[in-house]
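Fold and contact review
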Amino acid sequence: MSDRSRLSATDPLVADAIADERTRQEQNLEMIASENHVSEAVLQAQGSILTNKYAEGYPGERYYGGCEHMDTVEQAAIDRARDLFGAEHANVQPHSGTQANMGVYFAMLDPGDKIMSLDLNHGGHLSHGHHVNFSGQFYEVEQYEVDPETGYIDYDALETLAEEFDPDMIVSGSSAYPREFDFEQISAVADRVGAYHLADIAHVTGLVAADLHANPVGTADFVTGSTHKTIRAGRGGMILTSEDHAEAIDKAIFPGGQGGPLMHNIAGKAVGFKEAQSDDFAGYARQVVINAKAMASTFRDRGLSVVSGGTDKHLVLVDLRDSHPELTGKDAEQRLEEVGITVNKNTVPGETRSPFVTSGIRVGTPALTTRGFTEPVVEDVANYMVDLLDNPDDDELAEMISREINYLSQEYPIYG
Ligand SMILES: *Cc1c(COP(=O)(O)O)cnc(C)c1O
């Protein structure tokens, strides 16, 4: 491609890093649950000259001239998001999932107001009120947890906590909780204590779009999401809400929290959302869940503790403390990386180690499924993983597994 040769002439350092990253993605099995591989079409839209254009405002109401084509692109993204999720209103301008959450907080809360959300160690997200994040600094935060026995959200404790704490907003949604949320139950609690319900579906946007996961639209007051995870629409965020909150949300994003929208990313969202409307995508999303369930049962059969006993969606959370008390999440992540399997260390419910070390790993199937992996292959990969965790010092075994992973990565290319 001539574009690439231009980049390598102008900036060989960046060109080489991009080429090396492409090779890394091709040669490794990406099992970080929040990652995926977008299509060539999404890449083309995101890498387009739309990056040149300022389009502050919204379709039909821009602050700059020359926005007619931007209007076409953004309106398509909005219409497709509304169609996919059944929402009255969609804002597709948030630069990320975190900024989508910021938009909702800014629209509906004052500094010092109270947020109640899932604890980070129990699967929550930084933007739900962690003290290192703006959300924990601007608002007063209480967190609910999963039941340590079952690994499921403890809804009774959540309700008691809500009655005591009297939050202004209850946040549902997670980064490392392998089960579906009961959005209706959380909305009922929110109604009872006079709080808004924000459902953050960042990880599961693709599964919700394909009707494989409960859809909080129409139940929660606000729904936020990332667009680069299971839905494969390129990096960014979005907010879905009802007509009555539309204006407040739009104002909180622009001019409240952002300047010009990233129109090239919004074009990626439009293209990815169109792909997500297809039967192909529905099949993909189904396979993501089937693969995750296959992975969870292989882990269980091989003696690993899987938080909550399994999964309803695209990820499995392994608690290594029972099966491998000496092995930290950090060790496991490193050892797997060496053979070409990329996962992330993750805190687990009742975590006893620091977030930089952890006692668990989070394993996801969205990216593998995009490459075409089905259950038998996923089970092979899961078995290799356990073989390695059982024998972390066996270099011969590691070499053999590394060769197998390399072979699989060639059998299932990403970009051909
Ligand atoms: C990934 C994620 C986000 C958003 O992340 P960004 O990196 O800001 O796009 C928000 N909430 C949850 C629960 C997430 O998992």
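Everything in this summary refers to the structure shown in the same document. Just so you know, these numbers come straight off a predicted model, no measurement behind them.

**Concerning the packing of helix α4 (residues 68–85) against helix α11 (residues 263–276)**
- Two elements in contact, α4 and α11, have axes separated by 8 Å at closest approach and are oriented at 40°. The orientation of α4 with respect to α11, classified from their angle, is oblique. Relative to α11, the crossing made by α4 is left-handed. On α11, the residues that touch Met70, Val73, Glu74, Ala76, Ala77, Arg80, Ala81 and Leu84 of α4 are Met263, Ile266, Ala267, Ala270, Val271, Phe273, Lys274 and Ala276.
- Of the residues belonging to the contact of α4 with α11, the class tally is 13 nonpolar, no polar and three charged.

**A word on the side chain of Asp250**
- Along the polypeptide, Asp250 turns up in helix α10 (residues 243–257).
- An unpaired buried charge is present at Asp250: no salt bridge exists, and Lys251, the closest side chain of opposite charge, is 9.8 Å distant.

**Notes on the pattern of salt bridges**
- Per the counting criterion, the structure on display carries 13 salt bridges.
- Among the ionic pairs, Asp390 bridges to Arg302, the shortest N-O distance being 3.6 Å. Taken together, the positions of Asp390 in helix α15 (residues 375–390) and Arg302 in the loop between α12 (279–301) and β11 (305–306) put the pair 88 residues apart, joining distant regions of the chain.
- Owing to a relative accessible area of 38%, Asp390 belongs among the partly exposed residues under this scheme.
- The partly exposed category is assigned to Arg302, whose relative accessible area is 30%.
- One continuous salt-bridge network, built from bridges that share partners, spans Glu21, Arg24 and Glu30.

**Quick word on the site of the ligand**
- Surrounding the ligand, one finds 13 residues, the nearest of these being Gly97, Thr98, Ser175, Asp200 and Lys229.
- At 2.5 Å from a nitrogen atom of the ligand is found a side-chain nitrogen or oxygen belonging to Asp200.
- Between the ligand and Lys229, the relevant distance is 3.0 Å, taken from an oxygen atom to a side-chain nitrogen or oxygen of the residue.
- The protein chains hide 86% of the 390 Å² of surface that the ligand would expose on its own.
- By residue class, the composition of the shell around the ligand is one nonpolar, ten polar and two charged.

**Overview of the sheet that holds strand β7 (residues 169–172)**
- Taken in spatial order, the seven strands line up as β4-β10-β9-β8-β7-β5-β6 in an open sheet, and their pairing is mixed. On the outer flanks of this sheet lie β4 (89–91) and β6 (140–144), each paired with one strand and no other. Neighbouring strand axes in the sheet, compared pairwise and without regard to direction, differ in orientation by 20° on average.
- Where strand β9 (residues 222–226) meets strand β10 (residues 237–241), five bridges bridge the pair, whose relative direction is antiparallel. Opposite Ser226, over in β10, you have Gly237 as the bridge partner.

Criteria and thresholds
- Residues numbered from 1 in each chain as written.
- Predicted model: local features only at pLDDT ≥ 70, side-chain atom pairs only at ≥ 80, totals over all residues.
- Heavy atoms only, no water.
- Axes fitted to C-alpha atoms, helices over the stretch in contact; angles between N-to-C directions.
- Helix = DSSP H or I, 4+ residues; strand = E, 2+ residues; numbered from the N terminus.
- Parallel < 35°, antiparallel > 145°, perpendicular 65-115°, else oblique.
- Left-handed = near helix turned anticlockwise from the far one by under 90°.
- Contact = heavy atoms within 4.5 Å.
- Nonpolar A, V, L, I, M, F, W, Y, C, P; charged D, E, K, R; others polar.
- Buried < 20%, exposed > 50% of the residue type's maximum accessible area, 1.4 Å probe, protein only.
- Lys, Arg positive; Asp, Glu negative; His and termini not counted.
- Salt bridge = Lys/Arg side-chain N within 4 Å of Asp/Glu carboxyl O.
- Near = heavy atom within 4 Å.
- Polar contact = N/O pair within 3.5 Å; in protein donor to acceptor, adjacent residues only side chain to side chain.
- Areas by Shrake-Rupley, 256 points an atom, 1.4 Å probe, with all protein chains shown as cover.
- Pairing = 2+ DSSP bridges.

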